[in-house]
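A closer look at the structure
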Amino acid sequence: MVALVRAELQKLFTTRLWWVMLISALLYSGFVLVLVTAFAGVSGSPGVPASPGRDTPEYQQLAWSSGSAATLFVMILGIVMVTAEYRYQTITGTFLTTPRRGRVVTAKLLAGLVVGVLFGLATLALTAVVVIPAVSLSGGEVTLTDHGIPRIAGGVLASVALYALFGIGLGALIRNQIGAIMAGVAWVFVVEAILAVVPALRTVGKWTPGGASNALINVNVNTGLGEFDLLPAWGGAAVLVAYALLFAAVASLTTLRRDIT
Amino acid sequence: MSAIEIRNLFKSFGPVKAVNDVSFTVESGTVTGYLGPNGAGKTTTLRCLLGLVAADGGTALVNGHRYAELDHPLTEVGAVLEATNFHPGRSARNHLRVMCTAAGLPADRADDALAQVGLADVANKRVAGFSLGMRQRLALATALIGRPKVFILDEPANGLDPAGIQWLRGFLRHLAHEKGAAVLVSSHVLSEVEQTVDNVVIIAGGRLVHQGALADLTANGDHGVRVRADEDEKLAAAVEREGGRAERLGDGVLRVRGLDREAVGRIALDERILVSEMVQERSDLQKVFLELTGSAQNGSAGEPRPQVEWPQPRSTSGGDA
């Protein structure tokens with residue numbers, strides 16, 4: 001299995017997509033980070049409480065959570081790790097090398113976890129590079145061990161890593177690359193957004209991958225949307241893993257068994 | 001135990017019986033040509049054999065095992081399927097290295113295989129820039145990295161230029177006759193493999209129509225001796241007297257059956273008839289092939305019949321098929 005995981009990582013790092021996705025993930029979470037930093041302490045309109053200032057621990061909590069923006073790109077990378085094999089028909093060679101197809105998916109999930117952790121660490125590194133100077137310059141006290149920052153950073157790392165698994169499961173289920181990416185992106189931007197904003201649906205929302213990711217990160221800063229109904233952090237991790245395993249298991253019984261013609 | 005053994009294999013795609021009760025074996029040290037028109041069921045048979053397509057019935061074994069049961073498949077079977085099985089953004093060497101890693105083979109096998117197929121110079125080039133022929137060579141390299149003793153190749157000559165086809169013929173013969181490998185190679189063009197194969201298995205409309213040594217394919221049938229003589233009428237009469245049958249084809253040409261060339265020559269000498277040409281007729285391999293596959297196509301009434309376009313022997317050699 002170690003050999004198969006190494007082979008999967010080799011597949012990923014011998015094509016260009018991984019760094020395109022890494023740069024995109026860093027740009028996007030960097031963009032969120034810049035917004036949070038630039039508008040720190042600014043009140044949008046009368047009556048709305050101002051977002052926390054750069055010298056506050058709350059700003060640091062919000063800023064550290066911005067890395068979760070990378071989950072989208074990790075999900076796409078996970079999807080492509082499976083669907084590209086069908087798109088370019090490399091799946092033939094993969095299954096000829098490893099005829100037990102379930103082992104291929106397991107190896108991809110493990111490799112995805114490794115890649116997800118690497119992406120998570122890269123995002124956290126970017127956050128540190130912005131937050132630490134921003135807080136220092138505005139006279140605040142940089143905290144890395146207090147105010148729940150380690151939990152938030154850990155939550156970002158875990159949710160970024162687990163979204164890779166989610167993507168792989170989704171890709172195994174929907175072999176068509178465009179279809180799988182559309183489904184994933186539509187889910188993140190449309191379905192989850194609706195579930196998060198409509199109060200009546202929030203109890204459902206906490207069981208979605210996005211809700212699970214929020215549970216992992218759990219920043220208790222009022223952003224104007226009210227309190228979120230969230231699972232405990234371990235529950236969030238379990239939900240994300242469960243999605244990946246469920247998709248992979250369903251895929252093993254359906255799409256993966258199909259004839260490769 | 002045969003290197004490849006296919007017994008009563010069945011596979012349908014919806015209403016189409018792609019493979020209909022196919023059985024044959026391939027022995028080590030021989031090259032077997034698996035021939036038939038496009039859509040005859042060749043690729044489906046090979047994909048069943050490689051565990052990529054699940055058969056509806058029957059067995060397909062390599063070295064006595066189902067492919068999916070092999071612990072180290074790349075070291076037992078080398079397979080070449082379609083030419084497009086590569087990620088365009090990955091280099092030739094990295095494609096092979098990934099397979100080496102997954103199969104637990106040393107990484108230097110990648111360079112060995114590339115050298116064997118003549119791609120060492122472009123090892124680090126991305127596959128996107130490869131011609132069809134280069135992809136076909138790379139596909140062959142993937143079959144070589146495990147140094148197997150069984151080779152299964154689906155239309156490996158597609159996209160190769162004439163020199164490439166020549167090289168492939170020699171390479172397959174070398175693998176079988178000198179390395180003792182069992183080679184099963186499919187083609188829809190008989191002339192592509194006729195100089196390479198020892199045995200032929202011919203399939204049409206999902207059914208086997210012929211199986212045996214290549215030589216048997218032309219041996220059957222009553223072949224004549226074609227003679228051009230200045231006094232063909234006189235020669236014909238002499239031949240009939242000696243127990244042969246002569247058929248006048250016009251323009252001074254006779255086809256003689258029932259006598260061999262030497263006998264015909266002796267009659268002509270005795271009768272003092274000038275002979276300007278004498279040829280032993282053989283069945284045209286391509287014609288026999290067409291007759292075999294054509295009749296099976298017509299026999300499969302009730303099934304959707306694929307439109308068979310029969311290319312001229314050389315037309316697929318050089319172009320981007």
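This one's a predicted model, so the numbers in the text were calculated from it and none came from an experiment.

**Overview of a nonpolar patch on the surface**
Among the surface-exposed residues, Tyr28, Phe31, Leu35, Phe39, Val42, Phe189, Val190, Ile194, Val197, Val198, Leu201 and Val204 of chain A lie close enough to one another that they form a single nonpolar patch of about 1,000 Å² accessible area. Among the secondary structure elements, those contributing two or more residues to the nonpolar patch are α2 (17–38) and α8 (177–197) of chain A.

**A closer look at the packing of aromatic side chains**
Residue and element names in this part refer to chain A. Summed over all chains, the structure comprises 8 aromatic pairs over all chains. Between Phe166 and Tyr243, the ring centres sit 5.7 Å apart and the planes meet at 90°, which makes this aromatic pair edge-to-face. Placement of Phe166 in helix α7 (residues 149–173) and of Tyr243 in helix α11 (residues 233–253) is noted, with a sequence separation of 77 residues between them. What makes Phe166 buried here is its relative accessible area of 4%.

**Focus on the nonpolar core**
In terms of nonpolar packing, the biggest core is built from 100 residues, with Phe119 of chain A together with Leu50 of chain B touching the most fellow members. Residue contacts for Leu50 of chain B: discarding those within four places in its chain leaves Leu96 of chain A together with Tyr67, Val77, Ala79, Leu81 and Ile152 of chain B. With 50 residues, the next largest nonpolar core counts Val31, Leu74, Leu119 and Leu190 of chain B among its residues.

**Observations regarding the UniProt feature "transmembrane region" (unreviewed entry) in chain A**
Residue and element names in this part refer to chain A. Under the local residue numbering, the UniProt record ascribes the feature "transmembrane region" (unreviewed entry) to residues 17–42, 62–88, 109–132, 152–174, 181–201 and 233–256. Counting secondary structure, residues 17–42 comes out at 85% helix and 0% strand; the distance between its end C-alpha atoms is 38 Å. Helix makes up 78% of residues 62–88 and strand 0%, whereas the separation of the span's terminal C-alpha atoms amounts to 41 Å.

**Digging into unusual backbone geometry**
Residues and elements named next belong to chain B. Within the chain, Asp21 stands out as a residue other than glycine whose phi angle is a positive 60°. If you trace the backbone, Asp21 turns up in strand β2 (residues 16–26). Phi at Arg147 takes a positive value of approximately 50°, unusual for a residue other than glycine. Relative to the elements of secondary structure, Arg147 occurs in the loop between α5 (132–144) and β6 (150–154).

**Thoughts on the packing of helix α3 (residues 92–103) of chain B against helix α4 (residues 108–116) of chain B**
All names here are of chain B. Taken N-terminus to C-terminus, the directions of α3 and α4 make an angle of 130°; their axes are 8 Å apart at the nearest point. With respect to their mutual orientation, α3 and α4 come out oblique. As α3 runs across α4, the sense of the crossing is right-handed. Packed against α3, whose contacting residues are Ala92, Arg93, Leu96, Arg97 and Cys100, the element α4 presents Arg109, Ala110, Asp111, Ala113 and Leu114 at the interface.

**Observations concerning the pattern of salt bridges**
Evaluation of the coordinates by the stated rule reveals 21 salt bridges over all chains. The shortest N-O distance in the salt bridge between Asp71 of chain B and Arg100 of chain A comes to 3.8 Å. A residue pair is termed interchain when its members come from two chains, as with Asp71 of chain B in the loop between β4 (57–62) and α2 (73–76) and Arg100 of chain A in the loop between α5 (91–97) and α6 (101–137). On the basis of relative accessible area, Asp71 of chain B is assigned to the exposed category, the value being 59%. By relative accessible area, which is 37% here, Arg100 of chain A ends up partly exposed. With a closest N to O distance of 3.6 Å, Glu233 of chain B and Arg248 of chain B form a salt bridge. You can see Glu233 of chain B sitting in helix α9 (residues 232–241) and its partner Arg248 of chain B sitting in strand β11 (residues 245–250), a full 15 residues away along the chain. Classification of Arg248 of chain B by relative accessible area gives partly exposed; the value is 46%.

**Things to note about the interface of chain A and chain B**
Taken residue by residue, the interface counts 24 residues in chain A and 34 residues in chain B. Summing the contributions of chain A and of chain B, the shared interface buries around 2,500 Å²; its carbon and sulfur component is 57%. When residues of chain A are sorted by the area they lose upon contact with chain B, Tyr88, Leu96 and Thr97 of chain A head the list and together hold 24% of the total. Across the chain A-chain B interface, the total number found is 2 salt bridges. One salt bridge connects Asp259 of chain A with Lys11 of chain B, and the closest N-O pair in it is separated by 2.8 Å. Our count for the contact surface shared by chain A and chain B stands at 10 residue pairs in polar contact (both at pLDDT 80 or more). Where the side of chain A that touches chain B is concerned, the elements lending two or more residues are α1 (2–13) and α5 of chain A.

**Looking at the sheet that holds strand β12 (residues 253–257) of chain B**
All names here are of chain B. Read from one edge of the open sheet, 4 strands run β11-β12-β10-β13, paired in antiparallel fashion. The open sheet terminates on both sides in strands that have one partner only, identified here as β11 and β13 (275–280). Strand-to-strand twist in this sheet, taken as the mean axis angle between neighbours without regard to direction, amounts to 20°. Note that β11 and β12 share 5 bridges and pair antiparallel. Bridging across to β12, Glu247 finds its partner in Arg255. Each of β10 (225–229), β12 and β13 is contacted by helix α10 (residues 261–270), which is oriented at about 165° to β13, the strand it contacts most.

**Notes on the sheet that holds β4 of chain B**
Residues and elements named next belong to chain B. Across the sheet, 3 strands lie side by side as β2-β1-β4; this open sheet has antiparallel pairing. A single partner strand is all that each edge strand has here, and the edge strands are β2 and β4. The average angle at which neighbouring strand axes cross in this sheet is 25°, direction not considered. Taken together, the 8 bridges between strand β1 (residues 4–13) and β2 define a ladder with antiparallel strand orientation. Note that in β2 the partner of Lys11 across the bridge is Val19.

**Concerning α10 of chain B**
Residues and elements named next belong to chain B. Of all the positions in α10, only Val264, Ile267 and Ala268 are classed as buried. Along the axis of α10, the buried residues cluster in a sector spanning 100°; they form a single face. Of the exposed residues in α10, the ones pointing more than 90 degrees away from its buried face are Glu262, Leu269 and Asp270. Buried residues in α10 make contact with β10, α9, β12 and β13. Positive backbone phi, at 55°, marks Arg272, one or two positions downstream of α10.

Reading the values: rules and limits
Residues numbered from 1 in each chain as written. Chains lettered and ligands numbered in written order. Predicted model: local features only at pLDDT ≥ 70, side-chain atom pairs only at ≥ 80, totals over all residues. Heavy atoms only, no water. Patch = residues over 30% accessible without salt bridge, like charges linked within 9 Å, V, L, I, M, F, W, Y side chains within 5 Å. Areas by Shrake-Rupley, 256 points an atom, 1.4 Å probe, with all protein chains shown as cover. Salt bridge = Lys/Arg side-chain N within 4 Å of Asp/Glu carboxyl O. Helix = DSSP H or I, 4+ residues; strand = E, 2+ residues; numbered from the N terminus. Phe/Tyr/Trp six-rings, centres within 6.5 Å; stacked < 30°, edge-to-face > 60°. Buried < 20%, exposed > 50% of the residue type's maximum accessible area, 1.4 Å probe, protein only. Core = buried A, V, L, I, M, F, W, Y, C linked by side-chain atoms within 4.5 Å. Contact = heavy atoms within 4.5 Å. UniProt positions renumbered as here; feature names shortened; annotations may be inferred. Axes fitted to C-alpha atoms, helices over the stretch in contact; angles between N-to-C directions. Parallel < 35°, antiparallel > 145°, perpendicular 65-115°, else oblique. Left-handed = near helix turned anticlockwise from the far one by under 90°. Buried area = accessible area lost by both parts, 1.4 Å probe. Polar contact = N/O pair within 3.5 Å; in protein donor to acceptor, adjacent residues only side chain to side chain. Pairing = 2+ DSSP bridges. Arc of directions from axis to C-beta.

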